[in-house]
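Geometric and topological summary
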Amino acid sequence: MFEPILLKNVDVPGGHLLSTYEAGGGYQALAKVLREYTPDEVVELVKRSNLRGRGGAGFLTGMKWSFVPKQSSKPKYLCCNADEGEPGTFKDRILMERDPHQLIEGLAVSAYAIGAKTAYVYIRGEYVTAIRRLEQAIAEAHAKGYLGSRLLGSDFNFTVHIHCGAGAYICGEETAMLESLEGRRAQPRLKPPFPAVAGLYASPTVINNVETLACVPHIVVRGSDWFRDIGPEKSPGPKLYCVSGQVRKPGLYELPMGIPLRELVDHAGGPPPGRRIKAVIPGGVSAPVIPEHGLDVGMDFDSLAAAGSMLGSAGVIVIDNSTCMVKVATRIIEFFHHESCGKCTPCREGLNWVVKILRRIEAGNGAPGDLEQLDMLCKGIFGNTFCALGDGAAMGLRAALKHFREEFVAHIEERRCPLH
């Protein structure tokens, strides 16, 4: 059985308290880097670990850190994207509620590596318990010298601030999040320049998500070789999988990166009695659906990309044979249409038409040519937007049309849902 690493404190009574975190070896990583490592050595350590960002894109964390210019007259910032607006995803919330000091230590070590003295945790406003736990943890860390001036007697000064979002999914996109942090409407920026060069307040900025930052202290304490020995070579380490939908034991599971999707669903108890799996969305609703016959794919960035989907936020949504895929596709596109920031014409106008057509098909009023129209709209949206919101919507619909086209055809021809 896999020994929990990131979740080791989540079921411990008082796991959110500093005393519990210290009793389990907490803040040893921070003390170690301040005592033994230069910032560049920490960056190289994380590079050697092959830690890839757990927020969705899977970019190499150490490589991202190395893009921050060494010589800059402007202050450097570290931003933690804790917005977690992807449907089916709740891993970062659990970490912040149950073990917030793990995130704070990850922030401190990462900030030391890139030369930042200030970090912002951008957290969705609905996460009330997580916000309160983070506030408490920040106060505890300040009182013990893990935050503030001259951390643990060193020359390193570091503070963490919490910024609550207002419920915009688009803030999961890093540049839209920066716009929101600066007090403007959350819309993605044109890149380049990239945040590492001109991010928050036009200053060098690194943006990582909660799970990524939580991995950093463990890499420092146990070494990069230990991290690389877990999971596949190109996507190593422990991984948090959020499993929901039509399974017997939905919840948060920590397992090695690369575990087969079918095995992961089995960990969650499989489908309800008397039903069978129809499909699985492997990485939140922006990830293309995978039909049952493809579930032997590994849950890592490269394997899922080769299978035509993506790991994304690892929000695994299980769909059984009682569910209409036309209904699933309609609800997903309705979500993306509602959350589109409206900056890009293909996303703003295209998703509006996609929703109208899907609602018509679902209601039994579809017409010949509707599916071809949907194909054309997906082609017009994909690759033509500032950020990946439109791409995610188009990819998800394309996969549903590819694997379950017969259900869409049946809705149009029979003028009703064949399942209901």
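Residues numbered from 1 in each chain as written. Predicted model: local features only at pLDDT ≥ 70, side-chain atom pairs only at ≥ 80, totals over all residues. Heavy atoms only, no water.

Quick word on the nonpolar core
Across soluble globular proteins, you tend to see nonpolar side chains buried next to one another. Core analysis: the largest hydrophobic core is formed by 61 residues, its most contacted members being Leu30, Val33, Trp65, Met96, Leu107, Ile123 and Phe158. Not counting chain neighbours up to four residues away, the residues in contact with Leu107 comprise Leu78, Cys80, Ala119, Val121, Phe158, Val160 and Leu213. By size, the runner-up hydrophobic cluster in this structure holds 55 residues, among which are Ala176, Leu181, Val354 and Cys417. (Core = buried A, V, L, I, M, F, W, Y, C linked by side-chain atoms within 4.5 Å. Buried < 20%, exposed > 50% of the residue type's maximum accessible area, 1.4 Å probe, protein only. Contact = heavy atoms within 4.5 Å.)

Here's the deal with unusual backbone geometry
Each neighbour pair has its own omega, and for Lys191 with Pro192 the value is 0°, a cis peptide bond. Secondary-structure assignment places Pro192 in the loop between helix H8 (174-181) and helix H9 (195-198). The omega angle of the peptide bond from Pro192 to Pro193 is 5°, so this bond is cis rather than trans. You will see that Ala202, though not glycine, has its phi angle at about 60°, which is positive. Even without being a glycine, Arg415 presents a positive backbone phi close to 60°. Tracing the backbone shows Arg415 in the segment after helix H18 (405-414). Residue classification places Arg415 among the partly exposed residues on the basis of a relative accessible area of 48%. (Helix = DSSP H or I, 4+ residues; strand = E, 2+ residues; numbered from the N terminus.)

So, the sheet that holds strand E3 (residues 159-165)
One open sheet accounts for 4 strands, arranged E3-E2-E1-E4; its pairing is parallel. With one partner strand each, in any of the chains shown, E3 and strand E4 (205-209) form the two edges of the open sheet. Each strand axis lies, on average, 20° off the axis of its neighbour in the sheet, ignoring direction. When strand E1 (residues 77-82) meets E4, the two strands line up parallel, connected through 5 bridges. Each bridged residue has a counterpart across the sheet, and for Tyr77 the counterpart in E4 is Thr205. (Pairing = 2+ DSSP bridges. Axes fitted to C-alpha atoms, helices over the stretch in contact; angles between N-to-C directions.)

Let's talk about the pattern of salt bridges
Tallied over the full model, the rule gives 29 salt bridges. Notably, a salt bridge pairs Glu211 with Lys239, separated by 2.9 Å at the nearest N-O pair. Residue Glu211 is found in helix H10 (residues 210-222), and its partner Lys239 is found in strand E5 (residues 238-245); the two are separated by 28 residues along the sequence. Glu211 gets classed as buried once you look at its relative accessible area, which sits at 0%. The class of Lys239 is buried, set by a relative accessible area of 0%. Glu292 is the partner of Arg262 in a salt bridge, and the nearest nitrogen-oxygen pair spans 2.7 Å. Placement of the pair is Arg262 in helix H12 (residues 261-267) and Glu292 in the loop between strand E8 (290-291) and helix H13 (301-306), with a sequence separation of 30 residues. With a relative accessible area of 25%, Arg262 lands in the partly exposed category. (Salt bridge = Lys/Arg side-chain N within 4 Å of Asp/Glu carboxyl O.)

Concerning H8
With 7 of 8 residues buried, H8 lies mostly within the body of the structure. Of the positions making up H8, those classed as buried are Thr175, Ala176, Met177, Leu178, Glu179, Ser180 and Leu181. Buried-residue contacts for H8 involve E1, strand E2 (118-124), E3, H9 and E4. Positive backbone phi, at 95°, marks Gly183, one or two positions downstream of H8.

Things to note about the packing of helix H6 (residues 100-114) against H10
It is at 7 Å that the axes of H6 and H10 come closest, and there the two elements cross at 75°. Here H6 is positioned roughly perpendicular relative to H10, judged by the angle of their axes. Here Gln102, Leu103, Glu105, Gly106, Leu107, Val109 and Ser110 of H6 come into contact with H10, specifically with Val210, Leu213, Ala214, Val216, Pro217, His218 and Val220. Partitioned by chemical class, the residues of the contact of H6 with H10 number 9 nonpolar, 4 polar and 1 charged. (Parallel < 35°, antiparallel > 145°, perpendicular 65-115°, else oblique. Nonpolar A, V, L, I, M, F, W, Y, C, P; charged D, E, K, R; others polar.)

So, the packing of aromatic side chains
The full count for this structure, using the stated rule, is 11 aromatic pairs. Note on Phe59 and Phe67: the rings are 6.0 Å apart at their centroids and 50° apart in plane angle, and the pair reads as tilted. For Phe67, a relative accessible area of 43% gives the class partly exposed. Ring geometry for Phe335 against Phe336: centres 5.6 Å apart, planes inclined by 65°, an arrangement best described as edge-to-face. (Phe/Tyr/Trp six-rings, centres within 6.5 Å; stacked < 30°, edge-to-face > 60°.)

Brief notes about the layout of surface pockets
The space that makes up the largest pocket amounts to roughly 1300 Å³. What lines the largest pocket is a set of 46 residues, among which Gly55, Gly56, Ala57, Gly172 and Glu173 lie closest to the centre. Within the residue set of the lining of the largest pocket, elements represented by two or more residues are helix H5 (91-98), H9, E4 and helix H17 (388-403). For the lining of the largest pocket, the class distribution of residues is 16 nonpolar, 20 polar and 10 charged. Approximately 280 Å³ is the volume attributed to the second largest pocket. Forming the boundary of the second largest pocket are 13 residues, of which Pro4, Leu7, Leu252, Tyr253 and Glu254 lie nearest the centre. If you list the elements that add at least two residues to the lining of the second largest pocket, you get H5 and strand E6 (251-256). The element that contributes the greatest number of residues to the lining of the second largest pocket is E6, accounting for 4 residues. (1 Å grid on protein atoms, 1.4 Å probe; cavity = no way out; pocket = protein on both sides within 12 Å on 5 of 7 lines; lining within 4 Å. Points joined across faces, edges and corners; volume = space filled by probe spheres on them.)

A word on the side chain of Lys91
By the secondary structure assignment, Lys91 is in helix H5. Within the local environment of Lys91, its side chain forms a polar contact with the side chain of Glu211, the two groups lying 3.0 Å apart. Here Lys91 is in contact with Arg54, Glu84, Asn209, Glu211, Lys239, Leu240, Cys242, Leu252 and Ser313, once residues within four sequence places are set aside. (Polar contact = N/O pair within 3.5 Å; in protein donor to acceptor, adjacent residues only side chain to side chain.)

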